[in-house]
Amino acid sequence: MDRKMMTLAAVVSGMLTLASCGEVSNTSTGTDVTTTQALTAAQEKETQTELTTKEESEQEKAQDNAGDGSSLSQSNKQANAQTADTDKIQSSESDYQAAADTLLKNINEIDKFGASVAECDDSDVYTSGTDNYYHVTDSRFKSTSDVKAFIDETMTDKLYNERYRSIVGDDRAYFIDADSKLYIKYSPKGAGFNYNDTPCRIYDTTDTSFCVDKEYDDYGSVSLLRLTVVKTDAGWRIDTLQYGVQN
């Protein structure tokens, strides 16, 4: 006999005992009514107990599920935060590499200004004193202002004044404006960097600066071009340059 039946039997037995000892009719009909009422009351009580137990169980389950949901939500937040941190690191590395590639290309071209320049019309010559200047047909540069803007996109004023001021703005600059056109003067010299295929090395990275080493062919030997790059309000710019650095 299970617990429910034993409980019900005990209740009925107690009620019958009370009925037999009290001052009530002991006829068969009276006994049947009393028994039926006792059974009904016991069943109602048992049903109410079951409903209460079921409700409490469901509440506990709901609380457990809510707790699991909270834990899952917290885990998702932590996972998303870790992903964001990884993306940030990867993005920063990508930014350094992209900036280094652009700056290495630009500084190589700027360093060659005067020694050689693409797209010049050698038949269109402007003479100033003893210097001959040739019309620049490179579509990127229409005036000395365009040349200076290209330099400003590549380096800080500090490096420009230290090393490249003779390109524009100097009394005998390589680029001049004449007859509403841009001209350049050739000056035979060693210039530029014959980079090899070895990837550049980026190191000492911070939010505001990083360093770059790039190998180049230095008249048969391998040397390093070493750049210090800083972040300005306008973006990444080369602040210092060393060439002929040995490994």
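Residues numbered from 1 in each chain as written. Predicted model: local features only at pLDDT ≥ 70, side-chain atom pairs only at ≥ 80, totals over all residues. Heavy atoms only, no water.

So, the confidence of the model for the chain
Across the chain, the average pLDDT comes to 79, with 62% of residues at 70 or higher. With pLDDT under 50 throughout, residues 7-12 is counted as low confidence; its partners more than four residues away or in other chains account for six contacts. Confidence drops under pLDDT 50 across residues 14-29; counting only partners more than four residues distant or on other chains, this segment forms five contacts. (pLDDT = per-residue confidence, 0-100. Contact = heavy atoms within 4.5 Å.)

Concerning the sheet that holds strand 1 (residues 120-128)
The strand order across the open sheet built from four strands is 1-2-4-3, with neighbouring strands paired in antiparallel fashion. Here the strands that pair on one side only, and so sit at the sheet edges, are strand 1 and strand 3 (175-178). Here the strands of the sheet are splayed against their neighbours by 40 degrees on average, with no regard to which way each runs. Bridge analysis of strand 3 against strand 4 (residues 181-185) gives four bridges, and the strand direction is antiparallel. Considered in strand 4, the bridge of Asp177 is made with Leu182. Here helix 3 (residues 144-152) sits on the sheet in contact with strand 3 and strand 4, set at roughly 150 degrees to strand 3. (Pairing = 2+ DSSP bridges. Helix = DSSP H or I, 4+ residues; strand = E, 2+ residues; numbered from the N terminus. Axes fitted to C-alpha atoms, helices over the stretch in contact; angles between N-to-C directions.)

Thoughts on the pattern of salt bridges
Tallying each qualifying case throughout the model produces 11 salt bridges. Across the salt bridge formed by Asp138 and Arg140, the nearest N and O atoms sit 2.9 Å from each other. The exposure class assigned to Asp138 is buried, which follows from its relative accessible area of 5%. The structure contains a network of salt bridges with shared partners spanning Glu109, Asp138 and Arg140. (Salt bridge = Lys/Arg side-chain N within 4 Å of Asp/Glu carboxyl O. Buried < 20%, exposed > 50% of the residue type's maximum accessible area, 1.4 Å probe, protein only.)

Details of the packing of aromatic side chains
Following the criterion strictly, the structure yields 10 aromatic pairs and no others. A ring pair is formed by Tyr126 and Tyr183, whose centres lie 5.6 Å apart and whose planes are at 40 degrees; its orientation type is tilted. Highlighted residues: Tyr126 in strand 1 and Tyr183 in strand 4, separated in sequence by 57 residues. We classify Tyr183 as buried; its relative accessible area is 2%. One aromatic cluster is present, formed by Phe113, Phe141, Phe150 and Phe175 through successive ring pairs. Its end group placed over the ring of Phe150, Arg140 keeps NZ or CZ at 5.7 Å from the ring centre. Of note, Lys148 hangs over the ring of Tyr160, and the distance from its end group to the ring centre comes to 4.6 Å. (Phe/Tyr/Trp six-rings, centres within 6.5 Å; stacked < 30°, edge-to-face > 60°. Lys NZ or Arg CZ within 6 Å of the ring centre and 35° of its normal.)

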